[in-house]
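# Notes for the structure review
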Amino acid sequence: MTQEQALEFIRNNAVILGLPTDKTRLTRVASHFIRTEAMAQLLDQVDCPADLEIAEIYCPKQIAP
Amino acid sequence: MSLHNLSSVDIAQGISKGSFSASEVLQSSLDRIEATDKKVNAFTAKHVDRAIQKAQSIDALRASGASLPPLAGVPFAVKNLFDVQGQVTLAGSIVNRDHAPAKQDAFLIQQMTAAGAVLVGSLNMDEFAYGFTTENTHYGPCRNPHDTTRISGGSSGGSGTAVAAHQVPLTLGSDTNGSIRVPASLCGVWGLKPTFGRLSRRGTFPFVNSIDHLGGFANSLDGLATMYDVMQSPDALDPGCHVKKIEPVLPSLQQGTQGLRIGVLNGFFEDNASPQAREVVATAAKALGVHAQVEWPDATLGRIAAFIITASEGGALHLDNLRHRIEEMEPLSVDRFMSGALQPAAWYIKAQRFRRIYRDKVNALFQNWDVLLAPATPVSAPVIGTDWLEIQGQTLPSRAAMGLLTQPISFAGCPVVAAPMWPSLNDDLPLGIQIISAPWREDLAFRVAKQLETLGVCHLKKVEL
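Report on the accompanying structure. Quick caveat: nothing in here was measured; it's all calculated off a predicted structure.

Secondary structure assignment for chain B yields 16 helices and 17 strands. Radius of gyration (C-alpha) of chain B: 20 Å, near the 23 Å computed for a compact globule of 465 residues. Taken along the three principal axes of its C-alpha coordinates, chain B extends 60 × 55 × 45 Å. Looking at chain B residue by residue over its 465 residues, the buried ones come to 66%. Sequence-distant contacts, at least 24 apart, represent 77% of the contacts inside chain B between residues at least 6 apart. Of the charged side chains in chain B, 39 are positive and 42 negative; the average position of the first set lies 4 Å away from that of the second.

Time to look at the overall build of chain A. In terms of helices and strands, chain A carries two helices and zero strands. A burial count over chain A gives 31% of its 65 residues as buried. By element, 55% of the accessible surface of chain A is carried by carbon and sulfur atoms, the whole surface being about 4,600 Å².

All names here are of chain B. For the peptide bond that leads from glycine 154 to serine 155, omega is 10°, which places it in the cis range. Following the sequence through the fold, serine 155 ends up in the loop between strand S7 (147-151) and helix H5 (157-164). Positive phi outside glycine occurs at alanine 129, with the angle close to 70°. Since its relative accessible area comes to 5%, alanine 129 is described here as buried. Phi at tryptophan 440 takes a positive value of approximately 75°, unusual for a residue other than glycine. For tryptophan 440, the position within the fold is in the loop between strand S17 (433-437) and helix H16 (442-454).

Another point: the sheet that holds strand S12 (residues 293-294) of chain B. Residue and element names in this part refer to chain B. Here eleven strands make up an open sheet; going across it, the order is S1-S3-S2-S8-S10-S9-S16-S17-S13-S11-S12 and the pairing mixed. Of all the strands in the sheet, the pair left with one neighbour each is strand S1 (43-46) and S12. In terms of strand pairing, strand S11 (residues 262-265) meets S12 through two bridges, oriented parallel. Note on S12: the bridge partner recorded for leucine 265 is valine 294. On the sheet, helix H3 (residues 48-63) packs against S1 and strand S3 (118-123) and is oriented at approximately 160° with respect to S3. Its contacts with the sheet place helix H9 (residues 275-288) against S11, strand S13 (371-375) and S17, and it is angled at close to 150° to S13.

In this section: the side chain of histidine 318 of chain B. Assignment of secondary structure puts histidine 318 of chain B in the loop between helix H10 (299-317) and helix H11 (319-324). When near neighbours in sequence (up to four residues on either side) are disregarded, histidine 318 of chain B contacts Phe128, Phe205, Met329 and Phe337 of chain B.

All names here are of chain B. Enumeration according to the criterion identifies 13 aromatic pairs over all chains in this entry. Every member of this aromatic cluster is reached through a ring pair, and the members are Phe128, Tyr130, Phe205, Phe207 and Phe337. Above the plane of the ring of phenylalanine 196 lies arginine 355, whose end atom (NZ or CZ) is 5.5 Å from the centre.

Once that is clear, we can look at the interface of chain A and chain B. Listed per partner, the contact involves 32 residues of chain A and 36 residues of chain B. Contact between chain A and chain B buries roughly 3,200 Å² in total, counting both sides, with carbon and sulfur atoms accounting for 71%. Lysine 350 of chain B is the salt-bridge partner of aspartate 44 of chain A, the closest N and O atoms lying 3.9 Å from each other. Where chain A touches chain B, the interface holds nine residue pairs in polar contact (both at pLDDT 80 or more). Mapped onto the side of chain A that touches chain B, the elements with two or more residues apiece are helix H1 (3-17) and helix H2 (23-44) of chain A. The element contributing the most residues to the side of chain A that touches chain B is H2 of chain A, with 13 residues. Of the residues assigned to the side of chain A that touches chain B, the class counts are 21 nonpolar, four polar and seven charged.

Residues and elements named next belong to chain B. If you look at the biggest cluster of nonpolar residues, it comprises 159 residues, and the most contacted ones within it are Trp296 and Ile435. It is H10 that provides the largest number of residues to this core, a total of nine residues. Excluding residues within four positions of it along the chain, isoleucine 435 makes contact with Val371, Leu372, Leu373, Pro415, Val416, Val417, Ala419, Ala445, Val448, Ala449 and Leu452. Core analysis: the next-biggest nonpolar cluster, separate from the first, contains eight residues, Val163, Ala164, Ile180 and Phe217 among them.

It is worth spelling out the packing of H10 of chain B against helix H13 (residues 345-365) of chain B at this point. Residue and element names in this part refer to chain B. One can describe the packing of H10 onto H13 by two numbers: an axis separation of 9 Å at closest approach and a directional angle of 135°. One finds that H10 runs oblique with respect to H13. In terms of crossing hand, the pair formed by H10 and H13 is left-handed. For the pair formed by H10 and H13, the contact residues are Ala299, Leu301, Gly302, Ala305, Ile308, Ile309, Ser312 and Glu313 on the first element and Trp347, Tyr348, Ala351, Gln352, Phe354 and Tyr358 on the second. Looking at the contact of H10 with H13 residue by residue, the class counts come to ten nonpolar, three polar and one charged.

All names here are of chain B. Of all five residues that make up S17, five are buried, and the element is covered over most of its length. Going residue by residue along S17, you find Ile433, Ile435 and Ser437 tucked away on one face and Gln434 and Ile436 tucked away on the opposite face as well. Where S13 meets S17, five bridges bridge the pair, whose relative direction is antiparallel. By the bridge assignment for S17, leucine 373 is matched with isoleucine 435. The pairing of strand S16 (residues 416-419) with S17 spans four bridges and is classified as antiparallel. When the bridges of S17 are listed, valine 416 appears paired with isoleucine 436.

Cut-offs used in this document
Residues numbered from 1 in each chain as written. Chains lettered and ligands numbered in written order. Predicted model: local features only at pLDDT ≥ 70, side-chain atom pairs only at ≥ 80, totals over all residues. Heavy atoms only, no water. Helix = DSSP H or I, 4+ residues; strand = E, 2+ residues; numbered from the N terminus. Rg over C-alpha atoms; globule rule 2.2 N^0.38 Å. Buried < 20%, exposed > 50% of the residue type's maximum accessible area, 1.4 Å probe, protein only. Contact = heavy atoms within 4.5 Å. Lys, Arg positive; Asp, Glu negative; His and termini not counted. Charge placed at Lys NZ, Arg CZ, Asp CG, Glu CD. Areas by Shrake-Rupley, 256 points an atom, 1.4 Å probe, with all protein chains shown as cover. Pairing = 2+ DSSP bridges. Axes fitted to C-alpha atoms, helices over the stretch in contact; angles between N-to-C directions. Phe/Tyr/Trp six-rings, centres within 6.5 Å; stacked < 30°, edge-to-face > 60°. Lys NZ or Arg CZ within 6 Å of the ring centre and 35° of its normal. Buried area = accessible area lost by both parts, 1.4 Å probe. Salt bridge = Lys/Arg side-chain N within 4 Å of Asp/Glu carboxyl O. Polar contact = N/O pair within 3.5 Å; in protein donor to acceptor, adjacent residues only side chain to side chain. Nonpolar A, V, L, I, M, F, W, Y, C, P; charged D, E, K, R; others polar. Core = buried A, V, L, I, M, F, W, Y, C linked by side-chain atoms within 4.5 Å. Parallel < 35°, antiparallel > 145°, perpendicular 65-115°, else oblique. Left-handed = near helix turned anticlockwise from the far one by under 90°.

What follows is the structure in structure tokens.
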């Protein structure tokens, strides 16, 4: 991902989420985003079978009788 | 006698025997805070009135002849993301200032208070716990008591500092990716990050719900164990609290290490460690007679997954602040929050699914080992304002790199005692180790820590301020 591609992604999604879109800030955010994207690529190579659920925190509460 | 130098155990015993009163101990702590806090900036609020009231109630209890609870009259303080009744929970921010005051104390403060401890104040931290340095722009940087030009670590920097500066013997903090272990290491004090789900988080301002832990700091291992034992309780009102029963560590603390299978983490934990960090682990291993080298599974991927989950959940939690009050947020972390808020859902889901695989691999490792040792931080405390670190020929962003060695461990939810050590290569700057055990086996980590304390390998040092 190039800096320009990251910047475009950041800008478009910032608009969708109602976040600030000034270029100076977006450029800084894009630098962080690019570093994370490089890490995410490594994680993406891990094979996760379809039945592998996410780690849980939500727990349904039992209805009191 | 300087009461502020005593451990919590000595304080509780002294009050019980009548050597001094809880009110005298409190006054000593408040005097110490007054004398030193301008230099270290650990406290953001003092709760003097309630502390005086509590200390007087302990003295009255003793005068009545009743038996005293285990932490009777022991002063403590909390990271300012803990709710304190009648106070606004800042979580290191200024945007929270217009929140309503807390209606009740956080659950763990209630547990500590029920055990007789005296809450004296709230402590500095990185804004919303997103940092490892406590260079808080709004409230000023927290300064390391061993060298006030250096960081205390974070995000529970005030909690580490207050103990190291002898302001209070016990503090509470939170640890998502290393926020107890990093300041414990850099400030040279004992720290505990229990198993994920062990202690209730009710009444604290969250950062990353699926990884947040609460724990504490102490100036003695016995104090840390006592504090941990009194804080334990099932809590049906915290969906992240998984315990059904209390499992105290004090009864087994003196059992020694005979029969325990102890190893030293290599690979990732050596590659990202300075000579000083490797030295302290080697010193501890030698003292314990440990030679085995152990590889932690997928440490790099574990750190990456923790990093992605942290950014996504943190960013989502503060979306409204990012939309409307971004200029009031911490400049050192706000761009990371925004980047996290914009991460694709696929990255987050993949990281959470990987956590299942990771948990099973880490648990498999503990089929063969009871306790593992690793450095708590790659380096000792950098100078405040340091942007980049050189570690083993790599240039890394300083503020993120401080959590390199803690992040893979907490992502698996393993309990860790952070033990204070003093590399010979440093000028009286501490660098701690992580004593890691299998999930739900805090007792084993405490036993090894006790052995290292008994051998004189792990200890605090007095500071002059």
